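# Architecture at a glance
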Amino acid sequence: MTLGTARYQSRLRTGRDGFLQLLHAEWTKFRTVRGWVVGTLVAALVMVGVGLLVAAGSHSSCGGPCAVIPLGPDGEAVDDTFYFAHQPLQGDGSITVRITSLTSLVTYPPDHPHDIVSRVVPWAKAGVIVKESTRQGSAYAAVAVTGSHGVRMQYNYTQDTAGSPGPVSAASPRWLRLTRSGDWLTGYDSADGTHWAKIGTAHLAGLPATVQVGLFVASPADVHVTPGIAGGTTEHLTQSTAEFDNVSFQGEGSSGTWTGDNVGGPPPGGPALPLGGGFNESDGRFTVSGAGDIAPFLTGGRTIGRTLTGTFAALIVVIVVGTMFITAEYRRGMIRTTLTAGPRRGRVLAAKAIVIGSVTFVAALAAAAITIPIVVSALRANGWYIFPATSLTELRVVAGTAALLAVAAVLALAVGTVLRSSAAAVTTVIVAIVLPYILATASPLPEGASEWLLRLTPAAAFAVQQSLPQYPQVNAAYTVWNGFYPLPPWAGFGVLCAYTALALGVAAYLLRRRDA
Amino acid sequence: MRQALHAEWTKLRTVPSTGWLLLACIALTVALSIVVAAAVICPSSGCELDPAKVSLSGIVLGQAVVVILAVLAMSGEYSSGMIRVTLAAMPRRITVLAAKAAVLTGAVLAAGSIAVLASVLAGQLILPGHGLSLSLADEPVLRAAAGSVLYLGLIALLSLGVAAAVRDGAVAIGVVLSLLYLFPVVAQVVTDPDWQQRLQRIGPMTAGLAIQATIGLRSLPISPWAGLGVLAAWRWQP
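Sequence order as written defines the numbering, with residues in each chain counted from 1. Here every chain gets a letter starting at A, and every ligand a number starting at 1, in the order they are written. The model is predicted, so local features are restricted to residues of pLDDT at least 70 and side-chain atom pairs to those at 80 or more, both for listing and for counting; the totals for chains, interfaces and linings are taken over all residues.

### Thoughts on the overall build of chain A
Test applied: Runs of H or I in DSSP of at least four residues are treated as helices and runs of E of at least two as strands, each being numbered from the N terminus. Put simply, the radius of gyration uses C-alpha atoms, and a globule should come to 2.2 Å times the residue count raised to 0.38. Whether two residues are in contact is decided by their C-beta atoms, placed from the backbone, lying within 7 Å.
Of the regular secondary structure elements, chain A holds nine helices and 18 strands. Relative to its length of 516 residues, chain A is extended, with a C-alpha radius of gyration of 30 Å against a globular reference of 24 Å. In terms of its C-alpha atoms, chain A occupies a principal-axis envelope of roughly 120 × 60 × 40 Å. Here the contacts in chain A between residues at least 6 apart in sequence split such that 76% fall between residues at least 24 apart.

Shown next as structure tokens:
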């Protein structure tokens with residue numbers, strides 16, 4: 001300085017080491033390795049291919065034209081079969097009844113395979129209902145006594161509110177009341193007919209002036225799930241009978257006579273299985289029998305999530321590519337160049353994770369978006385009923401599947417960084433995600449253990465593909481086969497993200513601490 | 001051939017991961033078998049569970065470790081360049097491959113025997129408390145146990161063959177695990193019984209593990225897959 005010479009300054013522009021440059025470098029690496037690009041395309045193709053294979057190998061079991069599944073007021077598939085003793089009601093009004101008994105028959109349950117036995121059906125329902133019409137899928141609100149869940153107020157198939165608990169008997173009868181005021185219906189229950197408690201209010205938008213009001217009995221099938229690859233679901237038909245008295249009807253339009261209808265046609269059964277619904281009245285006492293259920297229809301078709309079985313095949317390919325994105329650098333010694341150029345190792349790992357995650361997400365998003373409509377139409381052609389799904393749900397299934405594959409690729413990258421050996425890393429990640437799913441669905445493990453596997457392991461992420469909600473008030477086979485998972489969609493995905501975050505943390509720590 | 005065997009044995013023995021992987025195979029197999037055996041419940045009214053299959057459930061996990069071991073035995077040579085030395089010393093490539101296969105299968109069979117024996121003995125102790133009975137003295141149980149050991153050996157051969165064909169370790173593992181794990185997943189979703197049976201018959205895991213059944217017997221269709229492993233090896237070039 002004291003000599004007064006000019007300070008030397010290179011004319012070359014200083015190389016930037018920003019994060020964008022790192023991203024660009026990693027993207028160039030990915031783009032120029034043919035195997036990785038081909039692998040990502042293969043992942044997208046196998047997703048479609050496996051979906052088509054599954055569709056080709058699946059024909060619906062209903063011979064001839066399948067029954068049309070009615071849709072409820074909100075567009076969801078519904079089951080709407082029950083026995084209905086009804087009269088018309090014009091404008092506002094109410095109906096009040098007393099129920100003194102509810103008994104049920106179960107046909108050929110597993111412990112008595114040759115008999116029809118009398119036992120409690122937990123969600124058998126008997127009570128009063130206000131329904132738009134006797135058309136299946138029309139709007140309704142009902143207050144009912146159930147087999148073992150107390151009094152409930154239910155409306156429009158999916159809504160359920162608890163009233164007073166406990167079973168009904170001659171010694172402890174239940175009084176039920178349902179009041180219509182415009183589009184609003186209010187349900188009440190009482191133990192003695194004088195002290196009434198309000199259960200809830202239902203808003204049935206667009207309810208016509210004349211509706212059908214009356215007594216109903218529904219009796220859903222008794223569902224049993226056996227675990228394992230040879231397992232499955234068995235449904236045992238049931239029938240319930242209820243006794244009503246003190247029936248009082250207020251309002252206009254009543255003809256004074258009751259009409260009995262099997263809503264949804266005669267119940268299944270036949271001469272050997274006398275499940276016919278019906279009612280008879282004597283001295284103001286009504287005995288009503290019925291089968292079927294008023295509830296969302298949840299099993300017996302395919303959900304859009306189940307068209308994405310190819311996710312498993314794509315997952316394996318994506319894991320291989322994700323692992324090699326880092327292990328190949330170790331094998332070729334490229335990692336030393338990479339870390340010399342970008343000495344801040346945590347950022348190098350972050351850039352790699354972003355590149356592999358984004359590329360996988362885009363490829364998987366396109367694959368899932370194409371697979372669903374193709375496989376849905378192939379399944380429909382094979383006679384399958386496809387559950388309707390809102391576009392929001394479909395978007396969540398598609399984006400969730402893409403995110404699942406993207407996060408799995410990042411997990412593979414992290415595990416590859418930790419283990420450095422492709423063989424060990426690929427196996428670890430595949431075993432961690434796919435094996436719990438296989439154990440949960442195709443092993444002798446009991447239902448409880450299987451559910452925990454799908455809560456605690458990375459396989460929980462497949463919950464993003466669930467497209468039908470679970471309802472506590474509906475006894476259905478909530479199995480993975482039917483597209484149901486024990487965790488809510490994003491919570492399940494969160495489990496995979498948590499494992500990935502943990503693995504990335506360990507990878508970043510080790511990458512900094514170890515020699516390359 | 002004796003020299004080839006000796007060379008391959010030395011290689012396998014001196015790679016530190018071999019011992020760990022064989023130990024891991026035993027530990028994981030036995031651990032999962034114990035967990036499944038402890039979790040199953042058979043009500044007094046009877047159930048359709050196969051006690052031998054239950055006590056050998058851990059094989060589905062243990063086989064993954066065998067796949068790593070077998071793939072590494074092959075792809076490790078390629079990634080380190082050792083394969084050129086090996087083939088320079090022993091130009092008869094089929095001999096090298098046969099020696100590798102023999103040594104590897106021997107090691108896997110030894111570890112597999114320990115894993116299977118321990119699993120069955122654990123099942124014999126645990127299962128009676130859950131309403132199932134199992135005895136190694138029964139001939140079908142003995143066949144299930146011996147078959148499971150053989151199954152692990154065949155998985156090693158299949159993995160070695162695939163690794164020889166594709167050379168890259170990660171890809172080889174991906175291919176083998178796809179073959180093993182995808183068939184049961186897809187077979188579940190397919191509903192037509194003949195498709196389901198076809199998939200389970202050609203899937204190496206579902207077909208191979210049929211040997212574990214002691215009720216509702218089926219034949220062992222794994223041999224085509226061992227054949228495939230050997231077939232793949234024919235494409236083996238440095």
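### Structural notes on the domain arrangement of chain A
A common way to report how large an interface is uses the accessible area buried once the components associate. Residue and element names in this part refer to chain A. The line we're drawing: Residue ranges labeled as domains rest on an automatic or database domain assignment. Only Asp, Glu, Lys and Arg are considered charged, only Ala, Val, Leu, Ile, Met, Phe, Trp, Tyr, Cys and Pro nonpolar, and every remaining residue, Gly among them, polar.
By domain assignment, chain A separates into domain 1 (19–59 + 301–513) and domain 2 (78–296). For domain 1 versus domain 2, the distance between C-alpha centres works out to 44 Å. Of the residues lining the interface, 14 residues belong to domain 1; the matching set on domain 2 comes to 14 residues. For the side of domain 1 that touches domain 2, the per-class residue count stands at eight nonpolar, five polar and one charged.

### As for the packing of helix α4 (residues 59–80) of chain B against helix α7 (residues 139–166) of chain B
Residue and element names in this part refer to chain B. As a reminder, the rule being used: Between the N-to-C directions of two axes lies an angle of 0 to 180 degrees, each axis being a line fitted to C-alpha atoms and, for a helix, fitted only over the stretch in contact. Left-handed describes a crossing whose near helix is turned anticlockwise from the far helix through less than a right angle; right-handed describes the clockwise counterpart.
For the pair α4 and α7, interaxial distance at closest approach is 8 Å and the crossing angle is 35°. Remark: the crossing between α4 and α7 carries right-handed chirality. Taken together, the residues of α7 that come into contact with α4 (itself represented by I59, G62, Q63, V66, V67, A70, V71, A73, M74 and S75) are S148, Y151, L152, I155, A156, S159, L160, A163 and A164. For the contact of α4 with α7, the per-class residue count stands at 14 nonpolar, five polar and no charged.

### Some remarks on the confidence of the model for chain B
All names here are of chain B. As a reminder, the rule being used: pLDDT is a per-residue confidence score from the predictor, ranging from 0 to 100.
Predicted confidence across chain B gives a mean pLDDT of 79, with 81% of residues reaching 70 or more. Throughout residues 215–228 the model reports pLDDT below 50, and contacts reaching past four residues in sequence, or to other chains, amount to 18 contacts. The ipTM assigned to the predicted complex is 0.86, against a pTM of 0.87.

### Looking at the interface of chain A and chain B
Between chain A and chain B, the residue contacts involve 38 residues of the former and 37 residues of the latter. When contributions to the side of chain A that touches chain B are tallied by element, the ones reaching two or more residues are α2 (34–56), α3 (311–332) and α7 (422–441) of chain A. A per-element tally of the side of chain A that touches chain B places α7 of chain A first, with 11 residues. In terms of residue class, the side of chain A that touches chain B is built from 25 nonpolar, 10 polar and three charged.

### Section: the pairing of strand β16 (residues 278–282) of chain A
All names here are of chain A. Applied cut-off: One requirement defines pairing of two strands: DSSP has to find at least two bridges between them.
Where β16 lies against strand β17 (residues 285–290), five bridges are found, and the strand directions are antiparallel. Each bridged residue has a counterpart across the sheet, and for G278 the counterpart in β17 is S289. In this antiparallel pair of consecutive strands, β16 and β17, the connection spans two residues, and D283 shows a positive phi of 55°.

### Here we look at unusual backbone geometry
All names here are of chain A. The condition that has to hold: Note on burial: count the other C-beta atoms lying within 10 Å of the residue's C-beta; 20 or more is buried, 12 or fewer is exposed, in between is partly exposed, and C-beta positions come from the backbone.
The phi dihedral of Y157 is positive, around 70°, even though this residue is not glycine. By secondary structure assignment, the location of Y157 is in the loop between β6 (151–155) and β7 (159–162). Judged by local crowding, Y157 falls into the buried class, with 26 C-beta atoms found within 10 Å. One non-glycine residue with positive phi stands out, namely R420, at about 65°. Residue position: R420 is located in the loop between α6 (391–419) and α7.

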